[in-house]
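Architecture and fold: a report
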Amino acid sequence: MSTLLAPAVVSAFTPAGALRASINLGNPILANKDPTSGEPIGVSVDLARAFAERLGAPLELVVFEKAAASVEAVRGEQADIGFFAIDPARGEGLRFTAPYVLIEGSYLVPAASALAGNEDVDRDGQRIAVGSGSAYDLFLTREIRQAQIVRVAGASGVMQSLRAGQVEVAAGIRQVLEAEAAGDAALRLLPGRFMVIQQAMGTPASRGPEAAAVLAAFVEEMKASGFVADALARHRIQGASVAPAGPG
(Lines give C-alpha, C1' and ligand atoms only; values in the text may rest on other atoms or scores of the structure.)
Protein backbone atom coordinates (compact mmCIF):
# COMPACT_ATOMS: atom_id res chain seq x y z
CA MET A 1 0.00 0.00 0.00
CA SER A 2 1.04 3.61 -0.47
CA THR A 3 1.45 4.00 3.30
CA LEU A 4 4.52 1.75 3.08
CA LEU A 5 6.25 4.16 0.70
CA ALA A 6 7.99 7.33 1.75
CA PRO A 7 6.09 10.46 0.64
CA ALA A 8 9.22 11.61 -1.20
CA VAL A 9 9.14 8.45 -3.34
CA VAL A 10 5.46 8.90 -4.15
CA SER A 11 6.16 12.52 -5.10
CA ALA A 12 9.10 11.46 -7.27
CA PHE A 13 6.76 9.31 -9.37
CA THR A 14 3.88 11.79 -9.46
CA PRO A 15 5.25 15.31 -10.03
CA ALA A 16 2.16 16.13 -12.11
CA GLY A 17 -0.21 14.72 -9.48
CA ALA A 18 -0.95 11.48 -11.34
CA LEU A 19 1.30 8.59 -12.36
CA ARG A 20 1.84 9.09 -16.09
CA ALA A 21 2.60 5.73 -17.72
CA SER A 22 4.02 5.60 -21.25
CA ILE A 23 2.33 2.75 -23.17
CA ASN A 24 3.67 1.44 -26.49
CA LEU A 25 0.95 -0.03 -28.70
CA GLY A 26 3.60 -1.08 -31.22
CA ASN A 27 4.29 -4.23 -29.18
CA PRO A 28 1.05 -6.26 -29.13
CA ILE A 29 2.57 -8.71 -26.66
CA LEU A 30 2.34 -5.98 -24.03
CA ALA A 31 -0.42 -3.59 -25.08
CA ASN A 32 -3.32 -3.33 -27.51
CA LYS A 33 -6.50 -1.32 -27.94
CA ASP A 34 -9.68 -2.89 -26.63
CA PRO A 35 -11.76 -3.60 -29.75
CA THR A 36 -14.93 -2.40 -28.04
CA SER A 37 -13.87 0.60 -25.98
CA GLY A 38 -10.71 1.60 -27.85
CA GLU A 39 -8.92 1.91 -24.51
CA PRO A 40 -5.38 0.53 -24.05
CA ILE A 41 -5.28 -2.94 -22.49
CA GLY A 42 -2.54 -5.48 -21.85
CA VAL A 43 0.18 -6.60 -19.48
CA SER A 44 1.90 -3.22 -19.34
CA VAL A 45 -1.39 -1.45 -18.65
CA ASP A 46 -2.13 -3.90 -15.82
CA LEU A 47 1.30 -3.27 -14.30
CA ALA A 48 0.87 0.49 -14.60
CA ARG A 49 -2.48 0.29 -12.85
CA ALA A 50 -1.06 -1.88 -10.06
CA PHE A 51 1.85 0.50 -9.51
CA ALA A 52 -0.46 3.52 -9.40
CA GLU A 53 -2.49 1.72 -6.74
CA ARG A 54 0.72 1.04 -4.82
CA LEU A 55 1.50 4.75 -4.89
CA GLY A 56 -2.07 5.69 -4.01
CA ALA A 57 -2.15 7.90 -7.11
CA PRO A 58 -4.45 8.25 -10.11
CA LEU A 59 -3.18 6.75 -13.37
CA GLU A 60 -2.80 8.61 -16.64
CA LEU A 61 -1.89 6.57 -19.73
CA VAL A 62 0.28 8.31 -22.32
CA VAL A 63 -0.10 6.18 -25.44
CA PHE A 64 2.27 5.84 -28.41
CA GLU A 65 2.36 3.72 -31.55
CA LYS A 66 6.14 3.18 -31.55
CA ALA A 67 8.69 2.17 -28.96
CA ALA A 68 11.07 5.04 -29.70
CA ALA A 69 8.41 7.67 -28.97
CA SER A 70 7.43 5.86 -25.77
CA VAL A 71 11.04 5.85 -24.59
CA GLU A 72 11.53 9.52 -25.39
CA ALA A 73 8.41 10.45 -23.41
CA VAL A 74 9.96 8.99 -20.27
CA ARG A 75 13.44 10.31 -20.98
CA GLY A 76 11.95 13.76 -21.55
CA GLU A 77 9.82 13.43 -18.39
CA GLN A 78 6.51 13.69 -20.18
CA ALA A 79 5.84 10.34 -18.49
CA ASP A 80 6.93 8.95 -15.13
CA ILE A 81 7.26 5.25 -15.99
CA GLY A 82 7.43 3.24 -19.18
CA PHE A 83 7.69 -0.30 -20.50
CA PHE A 84 10.68 -0.92 -22.77
CA ALA A 85 13.04 -3.50 -24.12
CA ILE A 86 16.34 -3.16 -22.27
CA ASP A 87 19.02 -1.94 -24.64
CA PRO A 88 22.35 -0.15 -24.08
CA ALA A 89 21.34 2.51 -26.61
CA ARG A 90 18.36 3.46 -24.44
CA GLY A 91 20.19 3.73 -21.13
CA GLU A 92 21.00 7.44 -21.11
CA GLY A 93 18.72 9.33 -18.75
CA LEU A 94 16.75 6.23 -17.71
CA ARG A 95 16.81 3.66 -14.92
CA PHE A 96 15.64 0.19 -15.90
CA THR A 97 14.33 -2.57 -13.68
CA ALA A 98 15.22 -6.19 -14.31
CA PRO A 99 13.01 -7.65 -17.07
CA TYR A 100 9.52 -8.90 -16.30
CA VAL A 101 8.84 -10.60 -19.65
CA LEU A 102 11.05 -12.25 -22.27
CA ILE A 103 10.06 -12.12 -25.96
CA GLU A 104 11.78 -13.74 -28.94
CA GLY A 105 12.80 -11.81 -32.04
CA SER A 106 12.65 -13.71 -35.33
CA TYR A 107 12.93 -13.28 -39.09
CA LEU A 108 10.19 -13.65 -41.72
CA VAL A 109 11.06 -14.25 -45.37
CA PRO A 110 9.21 -15.04 -48.61
CA ALA A 111 8.40 -18.74 -48.87
CA ALA A 112 10.61 -19.00 -51.96
CA SER A 113 13.62 -17.43 -50.24
CA ALA A 114 16.88 -19.38 -50.25
CA LEU A 115 17.52 -18.33 -46.65
CA ALA A 116 17.32 -21.34 -44.34
CA GLY A 117 18.49 -20.04 -40.96
CA ASN A 118 19.17 -16.89 -38.95
CA GLU A 119 22.87 -17.16 -39.71
CA ASP A 120 22.13 -16.76 -43.44
CA VAL A 121 20.58 -13.30 -43.08
CA ASP A 122 23.71 -11.17 -42.60
CA ARG A 123 24.98 -11.35 -46.19
CA ASP A 124 25.67 -8.80 -48.92
CA GLY A 125 22.54 -8.05 -50.91
CA GLN A 126 20.12 -8.82 -48.09
CA ARG A 127 17.84 -6.05 -46.85
CA ILE A 128 16.21 -6.36 -43.42
CA ALA A 129 13.13 -4.31 -42.53
CA VAL A 130 12.85 -3.19 -38.90
CA GLY A 131 10.60 -0.78 -37.06
CA SER A 132 12.59 2.40 -36.61
CA GLY A 133 13.85 2.74 -33.04
CA SER A 134 12.56 -0.70 -32.03
CA ALA A 135 14.55 -3.21 -29.98
CA TYR A 136 15.30 -5.07 -33.22
CA ASP A 137 16.61 -1.92 -34.86
CA LEU A 138 18.95 -1.19 -31.95
CA PHE A 139 20.18 -4.79 -31.67
CA LEU A 140 20.67 -5.38 -35.39
CA THR A 141 22.38 -2.01 -35.83
CA ARG A 142 25.11 -3.33 -33.52
CA GLU A 143 25.21 -6.90 -34.85
CA ILE A 144 24.65 -6.79 -38.60
CA ARG A 145 27.85 -6.42 -40.62
CA GLN A 146 26.97 -7.07 -44.28
CA ALA A 147 23.22 -6.90 -44.80
CA GLN A 148 21.40 -3.55 -45.11
CA ILE A 149 18.97 -2.45 -42.41
CA VAL A 150 15.87 -0.71 -43.76
CA ARG A 151 14.09 1.31 -41.08
CA VAL A 152 10.36 1.82 -41.52
CA ALA A 153 7.40 2.97 -39.42
CA GLY A 154 6.29 0.18 -37.12
CA ALA A 155 5.31 -3.45 -37.61
CA SER A 156 2.81 -2.65 -40.36
CA GLY A 157 5.53 -0.86 -42.33
CA VAL A 158 7.82 -3.86 -41.91
CA MET A 159 5.23 -6.20 -43.41
CA GLN A 160 4.40 -3.80 -46.23
CA SER A 161 8.09 -3.62 -47.16
CA LEU A 162 8.42 -7.40 -47.25
CA ARG A 163 5.27 -7.98 -49.27
CA ALA A 164 6.22 -5.23 -51.73
CA GLY A 165 9.61 -6.85 -52.34
CA GLN A 166 11.46 -3.83 -51.00
CA VAL A 167 13.35 -6.08 -48.54
CA GLU A 168 14.27 -9.75 -48.38
CA VAL A 169 13.76 -10.16 -44.62
CA ALA A 170 11.40 -8.79 -41.95
CA ALA A 171 12.51 -8.68 -38.31
CA GLY A 172 10.04 -8.59 -35.43
CA ILE A 173 8.27 -10.27 -32.54
CA ARG A 174 8.17 -14.01 -33.17
CA GLN A 175 4.49 -14.44 -32.31
CA VAL A 176 3.45 -11.58 -34.61
CA LEU A 177 5.48 -12.97 -37.51
CA GLU A 178 4.17 -16.49 -36.87
CA ALA A 179 0.64 -15.17 -37.27
CA GLU A 180 1.57 -13.46 -40.54
CA ALA A 181 3.09 -16.68 -41.89
CA ALA A 182 0.11 -18.75 -40.76
CA GLY A 183 -2.22 -16.53 -42.74
CA ASP A 184 -0.09 -16.22 -45.89
CA ALA A 185 1.43 -19.21 -47.67
CA ALA A 186 3.79 -16.84 -49.49
CA LEU A 187 5.66 -16.17 -46.24
CA ARG A 188 7.88 -18.36 -44.08
CA LEU A 189 9.32 -17.91 -40.57
CA LEU A 190 12.97 -18.82 -40.14
CA PRO A 191 13.44 -21.35 -37.32
CA GLY A 192 14.58 -20.24 -33.89
CA ARG A 193 15.32 -16.66 -32.90
CA PHE A 194 17.99 -14.05 -33.47
CA MET A 195 17.54 -12.35 -30.10
CA VAL A 196 15.70 -12.48 -26.79
CA ILE A 197 14.05 -9.20 -25.90
CA GLN A 198 14.06 -8.31 -22.21
CA GLN A 199 11.01 -6.18 -21.45
CA ALA A 200 11.44 -4.04 -18.34
CA MET A 201 9.96 -1.02 -16.64
CA GLY A 202 11.86 2.26 -16.60
CA THR A 203 11.75 5.69 -15.01
CA PRO A 204 13.74 8.90 -15.54
CA ALA A 205 17.11 8.70 -13.80
CA SER A 206 16.42 12.16 -12.37
CA ARG A 207 13.79 10.65 -10.06
CA GLY A 208 16.63 9.31 -7.93
CA PRO A 209 18.02 5.96 -6.76
CA GLU A 210 15.34 5.37 -4.12
CA ALA A 211 12.55 5.67 -6.68
CA ALA A 212 14.43 3.36 -9.06
CA ALA A 213 14.85 0.82 -6.25
CA VAL A 214 11.12 0.94 -5.43
CA LEU A 215 10.21 0.31 -9.07
CA ALA A 216 12.72 -2.54 -9.30
CA ALA A 217 11.29 -4.16 -6.15
CA PHE A 218 7.76 -3.77 -7.53
CA VAL A 219 8.69 -5.68 -10.69
CA GLU A 220 10.27 -8.50 -8.68
CA GLU A 221 7.13 -8.73 -6.53
CA MET A 222 4.87 -8.84 -9.60
CA LYS A 223 6.89 -11.69 -11.08
CA ALA A 224 7.15 -13.68 -7.86
CA SER A 225 3.47 -13.28 -6.96
CA GLY A 226 2.24 -14.64 -10.30
CA PHE A 227 0.77 -11.25 -11.33
CA VAL A 228 2.74 -11.14 -14.60
CA ALA A 229 1.94 -14.77 -15.46
CA ASP A 230 -1.74 -14.18 -14.73
CA ALA A 231 -1.76 -11.05 -16.91
CA LEU A 232 -0.18 -12.92 -19.84
CA ALA A 233 -2.83 -15.64 -19.48
CA ARG A 234 -5.70 -13.18 -19.07
CA HIS A 235 -4.76 -11.34 -22.26
CA ARG A 236 -4.20 -14.65 -24.08
CA ILE A 237 -0.58 -13.90 -24.91
CA GLN A 238 1.24 -16.90 -26.35
CA GLY A 239 5.01 -17.29 -26.57
CA ALA A 240 6.12 -14.64 -24.09
CA SER A 241 7.50 -15.92 -20.80
CA VAL A 242 7.87 -14.44 -17.35
CA ALA A 243 11.47 -13.38 -16.81
CA PRO A 244 13.42 -15.04 -14.00
CA ALA A 245 14.07 -13.23 -10.75
CA GLY A 246 16.46 -10.30 -11.07
CA PRO A 247 19.84 -10.02 -9.33
CA GLY A 248 19.83 -9.53 -5.60
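Conventions adopted
- Residues numbered from 1 in each chain as written.
- Predicted model: local features only at pLDDT ≥ 70, side-chain atom pairs only at ≥ 80, totals over all residues.
- Heavy atoms only, no water.
- Phe/Tyr/Trp six-rings, centres within 6.5 Å; stacked < 30°, edge-to-face > 60°.
- Helix = DSSP H or I, 4+ residues; strand = E, 2+ residues; numbered from the N terminus.
- Buried < 20%, exposed > 50% of the residue type's maximum accessible area, 1.4 Å probe, protein only.
- Core = buried A, V, L, I, M, F, W, Y, C linked by side-chain atoms within 4.5 Å.
- Arc of directions from axis to C-beta.
- Contact = heavy atoms within 4.5 Å.

**With respect to the packing of aromatic side chains**
In total, this model carries seven aromatic pairs according to the counting rule given. Centre to centre, the rings of F13 and F51 are 5.0 Å apart; their planes meet at 85°, and the pair counts as edge-to-face. Of the two residues, F13 is situated in helix α1 (residues 7-13) and F51 in helix α2 (residues 43-55); the sequence distance between them amounts to 38 residues. In this structure, F13 and F51 share a single accessibility class: buried.

**Topic: the environment of A213**
Here A213 shows up in helix α7 (residues 209-224). A residue is classified by how much of its surface remains accessible, and A213, at 45% relative accessible area, is partly exposed. The sequence separation of A213 and P35 amounts to 178 residues, and the corresponding C-alpha distance is 36 Å.

**Side note on the nonpolar core**
By size, the foremost hydrophobic cluster in this structure holds 58 residues, and its most contacted members are F13, I81, Y100, Y107 and I128. Here this core gets eight residues from one element, more than from any other, and that element is α2. Counting 12 residues, the second-largest nonpolar core is a separate cluster that includes V158, L177, L187 and L189.

**Description of helix α3 (residues 67-75)**
Three or more residues of α3 are buried, namely A67, S70, V71, A73 and V74. Burial along α3 is one-sided: seen end-on, the buried residues are contained in an arc of 155°. On the buried face of α3, the contacting elements are β1 (19-24), β4 (59-64), β5 (81-85), β6 (94-96) and β12 (195-204). Just past α3, the residue E77 takes up positive phi, approximately 65°.

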